Amino acid sequence: MKITDVEAIVLRQAAVDEGIADGSQDDLVILVSTDEGITGIGEVDSAPDVVAALVRQPASHAVAQSLRGTLIGRDPLDVEGLWDAMYRGLIYVGRRGIAIHAISGIDIALWDIKGKALGKPVCELLGTVRRDRVRAYASLLMPDTVEETSERVTGLREQGFTAIKLGWGPLGEDSAHDVQLATAAKEAAGPDVDVLIDAGLGYGDDARTAIGVARELEALGIGWLEEPFLPDAYEAYAELADEVDIPIAAGEQDVTRWGIRELIERGHVDVVQPDVTRCGGITETLRIWELADERGVETVPHAWKSGIIKAASLHVNAVLPEARYQEYCVAETPINTTLTVQRLPLEADGCVAVPTAPGLGVELDEDVLASLRVDA
Ligand code: MG
């Protein structure tokens, strides 16, 4: 089998609120086609137009290659070999950031092709399948008020979620208010539902403030504190993580095993959260898990986009020896809720089933794709 084309399709909903931390308002979908009629799908949670330009651009020289050009004519089943070729071909362009984001979407599409070609769900190609369902945590933006927070958490608990994460929004502006919002969430969740707090970079590099908040969250029984600091504030991360018992989570901004290694070794975090559509794809997420596991650090993939990232993360979670949670974005955007035909619903036990069809096990809804295409 040979790759015949790599397409990068930019999607954007009619009105985008650029002020909120909701990355499911636009998308970059990757389609990798083959001469045997199998097409793989992937997506990238990044700057869609820039990633699309990188996928399409012609080669400049040996270490500023064309992604599309690197792939056309190659065997799509050699996923790791193509990962290395893409990485080496883009060294000049960026060993972190956009270049790795683009590789991530292509890597997911290649795994989809491989699964479809071999008639197996992707998880069966990744290792020993340890579970057919993963406990979901509802992931939503933190509302501005305690009333709205209570209402949202109550609604999600009633829907059957056994874990809920609230993030970004006003967090970081006022420590006392942050604790009030977390308290409201915890009270509405009740004793049987885990509550996680994602500060969304809110404390900058201010370790003392974050330590104060973290101690209060710890007393409330919050499951983890995520991204309290800017991603390069490793010293603040280490100071906080060394000081408090509540687990500190981070890593959605980091890419490759080398980036995550720095976060672990310098930042002392307890949980890393590689995003499969950014960190280097399914291939690199598993390498990140291996590195984190050796250092006693837990891996819980970040996932906020469409059914494509949900499916890709579920296949990864299916093979990890321990998979505490599947992040389950509850944003009511058309990209999150309708882009894939398979909606991967929450089941009665608070889990989401790992898709069982060959490949990722999700297909694009062509009508939704057409309606959201920017270049249509
Ligand atoms: Mg986060």
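Given the structure is predicted, the values throughout are model-derived calculations rather than measurements. (Residues numbered from 1 in each chain as written. Predicted model: local features only at pLDDT ≥ 70, side-chain atom pairs only at ≥ 80, totals over all residues. Heavy atoms only, no water.)

> Sorry, what's going on with unusual backbone geometry here?
Where the residue is not glycine, phi is negative for most of them; where a peptide bond is considered, it is trans in most cases. Of note, Leu201 is a non-glycine position whose phi angle comes to about 70 degrees, a positive value. Here Leu201 is to be found in the loop between strand E6 (194-198) and helix H8 (207-220). Positive phi, close to 40 degrees, is recorded for Glu227, a residue that is not glycine. Here Glu227 shows up in the loop between strand E7 (225-226) and helix H9 (234-243). The buried category is assigned to Glu227, whose relative accessible area is 1%. (Helix = DSSP H or I, 4+ residues; strand = E, 2+ residues; numbered from the N terminus. Buried < 20%, exposed > 50% of the residue type's maximum accessible area, 1.4 Å probe, protein only.)

> For this particular structure, what's the right way to read the coordination of the magnesium ion?
Six octahedral donors around a metal ideally subtend angles of 90 or 180 degrees, whereas four tetrahedral donors ideally subtend 109.5 degrees. At 2.0 to 2.2 Å from the magnesium ion lie its protein donor atoms, namely Asp198 (OD), Glu226 (OE) and Glu252 (OE). All donors of the magnesium ion belong to a single chain; written as a sequence motif, their spacing is D-x27-E-x25-E. Separated by 54 residues along the polypeptide, Asp198 in strand E6 and Glu252 in the loop between strand E8 (248-250) and helix H10 (256-267) bring together distant segments of the chain. Here Asp198 and Glu252 have matching classes, each one buried. (Donors = N, O, S within 2.8 Å, 3.2 Å for Na, K, Ca; no water.)

> How should the packing of aromatic side chains be read in this particular structure?
The description of two aromatic rings rests on the distance between their centres and on the angle between their planes. This structure, assessed with the given rule, holds seven aromatic pairs. Between the aromatic rings of Tyr87 and Trp258, the centroid separation amounts to 5.4 Å while the plane-to-plane angle is 40 degrees, which identifies the pairing as tilted. One end of the pair, Tyr87, is in helix H3 (residues 79-89); the other, Trp258, is in helix H10, and 171 residues separate them in sequence. Among the residues examined, Tyr87 registers a relative accessible area of 16% and is labelled buried. (Phe/Tyr/Trp six-rings, centres within 6.5 Å; stacked < 30°, edge-to-face > 60°.)

> For this particular structure, what's the right way to read the pattern of salt bridges?
Once their charged atoms are close, side chains differing in charge can pair, the charge on each being opposite to the other. All chains considered together, the criterion is met by 24 salt bridges. A salt bridge links Glu226 to Lys165; the shortest N-O distance between them is 2.8 Å. Taken together, the residues span a long stretch of sequence, with Glu226 in strand E7 and Lys165 in strand E5 (residues 163-167) at a distance of 61 residues. What makes Glu226 buried here is its relative accessible area of 0%. (Salt bridge = Lys/Arg side-chain N within 4 Å of Asp/Glu carboxyl O.)

> Help me understand the nonpolar core in this model?
One broad trend across soluble globular proteins is that nonpolar side chains are buried collectively. If you look at the biggest cluster of nonpolar residues, it comprises 117 residues, and the most contacted ones within it are Ile30, Ile282 and Leu360. For this core, the leading source of residues is helix H4 (residues 98-118), giving ten residues. Among all residues touching Leu360, those that are not within four sequence positions of it are Ile41, Ile108, Asp112, Val122, Ile282, Ile308, Ala311, Ala312, His315 and Pro355. Judged by nonpolar contacts, the second largest core, of eight residues, contains Tyr137, Leu196, Ala249 and Val271. (Core = buried A, V, L, I, M, F, W, Y, C linked by side-chain atoms within 4.5 Å. Contact = heavy atoms within 4.5 Å.)

> I'm lost on the domain arrangement of the chain in this one. Help?
Accessible area lost upon the coming together of the parts is a frequently used measure of interface size. The assigned domain composition of the chain is domain 1 (3-120 + 367-374) and domain 2 (125-365). On a C-alpha basis, the centroid separation for the pair domain 1 and domain 2 is 24 Å. With 42 residues of domain 1 at the contact, the number on the domain 2 side is 42 residues. Summing the contributions of domain 1 and of domain 2, the shared interface buries around 3400 Å²; its carbon and sulfur component is 67%. It is Glu43, Asp45 and Trp111 in domain 1 that bury the most area against domain 2; as a group they hold 18% of the surface buried on that side. At the boundary of domain 1 with domain 2, the tally comes to three salt bridges. A salt bridge links Lys305 to Asp45; the shortest N-O distance between them is 3.1 Å. (Domains from an automatic or database assignment. Buried area = accessible area lost by both parts, 1.4 Å probe.)

> Just to check I follow, could you spell out the pairing of E5 for this structure?
Moving residue by residue along a regular strand, the side chains alternate between the two faces of the sheet. Counting buried positions along E5 gives five out of five residues, so the element sits mostly inside the fold. Side chains Ala163, Lys165 and Gly167 of E5 all project onto a buried face; the interleaved residues Ile164 and Leu166 project onto the opposite face, where all are buried too. In this sheet, E5 lies alongside strand E4 (residues 133-141) in parallel orientation, the contact comprising four bridges. By the bridge assignment for E5, Leu141 is matched with Gly167. Taken together, E4, helix H6 (residues 146-159) and E5 constitute a β-α-β crossover, and its handedness is right-handed. Pairing of E5 with E6, which is carried by five bridges, proceeds in the parallel orientation. (Pairing = 2+ DSSP bridges. Right-handed = clockwise from strand over helix to strand, strands pointing away.)

> Explain the pairing of E6 here, please?
When you tally the buried positions in E6, you get four out of five residues, the bulk of the element. For the handedness criterion, the β-α-β arrangement of E5, helix H7 (residues 175-189) and E6 is classed as right-handed. Bridging between E6 and E7 involves two bridges; their strand directions are parallel. Along E7, the bridge assignment pairs Asp198 with Glu226. Where the polypeptide runs from E6 across H8 and back to E7, its parallel neighbour, the crossover connection is right-handed.

> Even after reading the chapter, I still don't get the packing of H10 against helix H11 (residues 281-294), so can you show me in this structure?
The geometry of a pair of packed helices is captured by two quantities: the angle between their axes and the separation between those axes. Two elements in contact, H10 and H11, have axes separated by 9 Å at closest approach and are oriented at 30 degrees. Here H11 runs roughly parallel to H10, going by the angle between their axes. Where H10 crosses over H11, the two elements pack in a sense that is right-handed. Within the contact between the two elements, H10 uses Thr256, Arg257, Ile260, Arg261 and Ile264 and H11 uses Glu284, Arg287, Ile288, Leu291 and Ala292. Here the contact of H10 with H11 is composed, by residue class, of five nonpolar, one polar and four charged. (Axes fitted to C-alpha atoms, helices over the stretch in contact; angles between N-to-C directions. Parallel < 35°, antiparallel > 145°, perpendicular 65-115°, else oblique. Left-handed = near helix turned anticlockwise from the far one by under 90°. Nonpolar A, V, L, I, M, F, W, Y, C, P; charged D, E, K, R; others polar.)

> Can you walk me through H10 in this structure?
Given 3.6 residues per helical turn, the α-helix brings residues three or four places apart onto the same face. The terminal C-alpha atoms of H10, which comprises twelve residues, lie 16 Å apart, in line with the 16 Å expected from a rise of 1.5 Å per residue. Elements that come into contact with the buried residues of H10 comprise H4, H9, E8, strand E9 (271-272) and H11. Trailing H10 by a residue or two, His268 shows a phi angle of about 60 degrees, which is positive. (Expected span 1.5 Å × (residues − 1).)

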